[in-house]
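# Observations on the model geometry
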Amino acid sequence: MTTTEADQVTPEAVEPAGHDHGVHGYHKQKDEHLKRLRRIEGQIRGLQRMVDEDVYCIDILTQVSASTKALQSFALQLLEEHLRHCVADAATKGGEGIDAKVEEATKAIARMMRT
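Read on for a plain summary of the structure. (Residues numbered from 1 in each chain as written. Predicted model: local features only at pLDDT ≥ 70, side-chain atom pairs only at ≥ 80, totals over all residues. Heavy atoms only, no water.)

### Things to note about the pattern of salt bridges
Short version of the rule: Salt-bridge detection follows one rule: a side-chain nitrogen of Lys or Arg within 4 Å of a carboxyl oxygen of Asp or Glu. The secondary structure listing takes helices from DSSP runs of H or I that are at least 4 residues long and strands from runs of E that are at least 2 residues long, numbered from the N terminus. Buried means the residue's accessible area, taken with a 1.4 Å probe over protein chains only, is under 20% of the maximum for its type, while exposed means over 50%, and partly exposed covers the values in between.
What the rule picks out here adds up to five salt bridges. Linking lysine 93 and aspartate 89 is a salt bridge whose minimum nitrogen-to-oxygen distance equals 3.2 Å. Residue lysine 93 and its partner aspartate 89 are located together in helix H3 (residues 57-93), separated by four residues, close to a single helical turn. A residue is classified by how much of its surface remains accessible, and lysine 93, at 65% relative accessible area, is exposed.

### Comments concerning the environment of cysteine 86
Mapped onto the secondary structure, cysteine 86 falls in helix H3. Taking the relative accessible area as the measure of exposure, cysteine 86 reaches 15% and is therefore buried. When the C-alpha positions of cysteine 86 and tyrosine 26 are compared, they lie 9.9 Å apart, and in sequence the two are 60 residues distant.

### Section: the side chain of arginine 36
Using the following cut-off: Should any heavy atoms of two residues lie within 4.5 Å, those residues are considered in contact.
Looking at the secondary structure, you find arginine 36 in helix H2 (residues 30-52). Residue contacts for arginine 36: discarding those within four places in its chain leaves Ala70, Ser73, Phe74 and Gln77.

### Some thoughts on the packing of H3 against helix H4 (residues 97-114)
Here is the rule we go by: With axes taken as lines fitted to C-alpha atoms, and helix axes fitted only over the stretch in contact, angles between N-to-C directions fall between 0 and 180 degrees. Convention used here: angles under 35 degrees read as roughly parallel, angles over 145 as roughly antiparallel, angles from 65 to 115 as roughly perpendicular, and any remaining angle as oblique. Amino acids outside the nonpolar list (Ala, Val, Leu, Ile, Met, Phe, Trp, Tyr, Cys, Pro) and the charged list (Asp, Glu, Lys, Arg) are all regarded as polar, and Gly is one of them.
Put simply, H3 and H4 touch, their axes get as near as 9 Å, and they point 170 degrees apart. One finds that H3 runs roughly antiparallel with respect to H4. Contacts between H3 and H4 pair Ala75, Leu76, Leu79, His82, Leu83, Cys86, Val87, Ala90 and Ala91 from the former with Gly97, Ile98, Lys101, Val102, Glu104, Ala105, Ile109 and Met112 from the latter. Looking at the contact of H3 with H4 residue by residue, the class counts come to 13 nonpolar, two polar and two charged.

Shown next, in the form of structure tokens:
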């Protein structure tokens, strides 16, 4: 698989203009998220070991699939928390903020669907 410049994460993609630095939707589950990401990191390290140990290709691909699914599941949960917290908060406040949050979430969903 190749990576194009369009697939690269830019600072704007990570933190769009007008982004506030308040409490984020994932804040209450931060410890659980970090634990989950450490587990995924372990899966990736396991992939490195498997390659280093010349493990059978199909077994490595199975582990790649499991790691990919774990990341996708994490991303989906984070997106749900964003919708429940950030987008809902913007909707409650009204004004133009809701349009920006919906557009931001839509772009995030589109990025997730490309993977």
